[in-house]
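Secondary and tertiary structure notes
So you can see what is in the structure, the chains are spelled out below.
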Amino acid sequence: MNLHSLLQSEGLDPEALPFESEPAPSGRFEFEPLPAGTRLRAPSDFDKVFADAGAAFDVDPVILKSIAFAESGFDPDIISGKKRSRAGAIGLMQFMPETAKEYGIEPTDPTQAIIGAAAYLRKSLDKFGGDYERAVASYNWGPNRKAYDSEDWASKAPAETQKYLQTVFSAAGRFKDGQAERGLPQGVTPSKAGAGRG
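Below or above, wherever it landed, is the structure these notes cover. (Residues numbered from 1 in each chain as written. Predicted model: local features only at pLDDT ≥ 70, side-chain atom pairs only at ≥ 80, totals over all residues. Heavy atoms only, no water.)

Glancing now at the overall build of the protein chain. Of the regular secondary structure elements, the protein chain holds nine helices and two strands. Along the protein chain, helices (α) and strands (β) appear in the sequence α-β-α-α-α-α-α-α-α-α-β when read from the amino end. For the protein chain, the residues scored as buried account for 49% of the 198 residues in total. Here the contacts in the protein chain between residues at least 6 apart in sequence split such that 60% fall between residues at least 24 apart. Taken as a whole, the protein chain presents about 9400 Å² of accessible surface, with 48% of it coming from carbon and sulfur. (Helix = DSSP H or I, 4+ residues; strand = E, 2+ residues; numbered from the N terminus. Buried < 20%, exposed > 50% of the residue type's maximum accessible area, 1.4 Å probe, protein only. Contact = heavy atoms within 4.5 Å. Areas by Shrake-Rupley, 256 points an atom, 1.4 Å probe, with all protein chains shown as cover.)

Attention now moves to helix α2 (residues 47-57). Looking only at α2, the buried set comprises Val-49, Phe-50, Asp-52, Ala-53, Gly-54, Ala-56 and Phe-57. Residue Asp-58 follows α2 closely and has a positive phi angle near 55°.

Within the largest apolar cluster, 47 residues are counted, with the highest numbers of intra-cluster contacts made by Phe-50, Ile-67, Phe-74, Leu-92, Met-93 and Leu-121. Take this core: its biggest share by element is nine residues, from helix α6 (residues 110-127). (Core = buried A, V, L, I, M, F, W, Y, C linked by side-chain atoms within 4.5 Å.)

As a further point, take the environment of Val-136. As for its placement among the helices and strands, Val-136 is situated in helix α7 (residues 132-141). Separated by 72 residues in the primary sequence, Val-136 and Leu-64 have C-alpha atoms spaced 9.3 Å apart. If we skip the residues at most four places from it in the chain, Val-136 touches Ile-63, Ile-67, Leu-121, Tyr-164, Leu-165, Val-168 and Phe-169.

In this section: helix α9 (residues 159-176). Between its first and last C-alpha, α9 extends 26 Å over 18 residues, near the 26 Å set by a 1.5 Å rise per residue. Buried within α9 we find Thr-161, Tyr-164, Leu-165, Val-168, Ala-171, Ala-172 and Phe-175. For α9, the angular spread of buried residues about the axis comes to 140°, placing them on one side. Looking at α9, the residues exposed on the side facing more than 90 degrees away from the buried face are Ala-159, Lys-163 and Gln-166. Gly-178 sits one or two positions beyond α9 and adopts a positive phi of about 75°. (Expected span 1.5 Å × (residues − 1). Arc of directions from axis to C-beta.)

The next subject is the pattern of salt bridges. Tallied over the full model, the rule gives nine salt bridges. Ionic pairing is found between Lys-83 and Asp-75, a salt bridge with its closest N-O pair at 3.2 Å. The closest approach of N and O atoms between Asp-152 and Lys-156, which form a salt bridge, is 3.5 Å. Look at Lys-156 and you get partly exposed, because its relative accessible area is 45%. Look at the salt bridges and you will find they share partners, linking Asp-58, Arg-122 and Asp-126 into a network. (Salt bridge = Lys/Arg side-chain N within 4 Å of Asp/Glu carboxyl O.)

Quick look at the side chain of Ser-124 now. Mapped onto the secondary structure, Ser-124 falls in helix α6. The residues touching Ser-124, leaving out its near neighbours within four places in the chain, are Ala-135 and Ser-138.

Turning to the packing of aromatic side chains, a few remarks are in order. Under the counting rule described, the total for this entry stands at nine aromatic pairs. Here Phe-46 and Phe-50 contribute two aromatic rings whose centre-to-centre distance is 6.4 Å and whose plane-to-plane angle is 85°, an arrangement assigned as edge-to-face. Accessibility expressed as a relative area gives 2% for Phe-50, which makes it buried. With a centroid separation of 6.2 Å and 70° between ring planes, the pair formed by Phe-95 and Tyr-139 is classed as edge-to-face. Of this pair, Phe-95 sits in the loop between α4 (76-79) and α5 (97-103) while Tyr-139 sits in helix α7, and the two are 44 residues apart along the sequence. Comparing Phe-95 with Tyr-139 shows no difference in burial state: the two are buried. Connected via pairs of aromatic rings, a cluster forms that spans Phe-95, Tyr-103, Tyr-120 and Tyr-139. A cation over an aromatic ring shows up here: Lys-65 above the ring of Phe-175, its NZ or CZ 4.9 Å from the ring centre. (Phe/Tyr/Trp six-rings, centres within 6.5 Å; stacked < 30°, edge-to-face > 60°. Lys NZ or Arg CZ within 6 Å of the ring centre and 35° of its normal.)

Set out below in structure tokens:
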């Protein structure tokens, strides 16, 4: 399945989506450095793509942005594919190559990666009855875990996934509260999340 057929399967006309006609943000992001730990920062270049992909797949765009923060830290070298996770995940949304192929996306193209992540999150939300916590955990831990069937599934998740959930939902709260600023702070390091998806 490629990106075009993925969008069509959701009843969307790829030619009618506003982000289709806009070029993907590219190049290095230039930001005013702030002292490390000052505030959560994210490039505004992707805001419209997060909003449009969220609307197209009926997922919370702030959660999508927060997943991107947890996955790549908005590090330009990770977004471009110059750096990969130890598990081999690539790009802004840290897709494993086989998952990127399944969703028909180029993971180093931020627009495609965000659309693919929105589709992945929608599929997980459908699987877990709209439960964002399980859906976000599945982005890191994979969707096919027996533990998800139990009430105490989160306690059975690996420490990495528990930390991942904290990072995503903390970032989402800060993005929603307006505590995040634009840009990338000094000292941001990429997430090691992403292993297990695929």
